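Listed below, chain by chain, are the residues.
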Amino acid sequence: VINQSIKQNLRSTYKKGALLPLDLRVKKTRAIRRRLTKEQASALTLKASKKAKYFPARKFAVKA
């Protein structure tokens, strides 16, 4: 309980800064920590975004 409260206090003090001590960082797995963030993974290059904008998917109407 003491260790938990100490770590909790440390987390609140380091909340504002840019860097965290290693023992306070999220554990997860090595691969997950190195993975791209959702924003980075879904980001498009300028060329790809222009292509998506100017050539949208075609809509086909089906006669009944």
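Below is a short write-up of the structure. Just so you know, these numbers come straight off a predicted model, no measurement behind them. (Residues numbered from 1 in each chain as written. Predicted model: local features only at pLDDT ≥ 70, side-chain atom pairs only at ≥ 80, totals over all residues. Heavy atoms only, no water.)

1. A word on the environment of R58
In step 1: Within the secondary structure, R58 sits in the segment after α4 (46-54).
In step 2: Spatially, the C-alpha atoms of R58 and S42 are 22 Å apart, while their sequence positions differ by 16 residues. (Helix = DSSP H or I, 4+ residues; strand = E, 2+ residues; numbered from the N terminus.)

2. Side note on a positive patch on the surface
In step 1: A grouping of K27, R30, R33 and R34 is seen on the molecular surface, where their side chains present a positively charged patch.
In step 2: Among the residues examined, R33 registers a relative accessible area of 45% and is labelled partly exposed. (Patch = residues over 30% accessible without salt bridge, like charges linked within 9 Å, V, L, I, M, F, W, Y side chains within 5 Å. Areas by Shrake-Rupley, 256 points an atom, 1.4 Å probe, with all protein chains shown as cover. Salt bridge = Lys/Arg side-chain N within 4 Å of Asp/Glu carboxyl O. Lys, Arg positive; Asp, Glu negative; His and termini not counted. Charge placed at Lys NZ, Arg CZ, Asp CG, Glu CD. Buried < 20%, exposed > 50% of the residue type's maximum accessible area, 1.4 Å probe, protein only.)

3. Some details on the layout of surface pockets
In step 1: When its volume is computed, the largest pocket comes out at roughly 240 Å³.
In step 2: Taken together, R11, Y14, K15, L20, L22, L24, R25, V26, K27 and R33 make up the full set of residues lining the largest pocket.
In step 3: Of the residues contributing to the lining of the largest pocket, the split by class is five nonpolar, no polar and five charged.
In step 4: Looking at the second largest pocket, its volume works out to about 150 Å³.
In step 5: Along its surface, the second largest pocket is lined by I32, R33, R35, L36, T37, K38, Q40 and A41.
In step 6: Elements with a contribution of two residues or more to the lining of the second largest pocket: α2 (30-34) and α3 (38-42).
In step 7: The residue makeup of the lining of the second largest pocket, split by class, is three nonpolar, two polar and three charged. (1 Å grid on protein atoms, 1.4 Å probe; cavity = no way out; pocket = protein on both sides within 12 Å on 5 of 7 lines; lining within 4 Å. Points joined across faces, edges and corners; volume = space filled by probe spheres on them. Nonpolar A, V, L, I, M, F, W, Y, C, P; charged D, E, K, R; others polar.)

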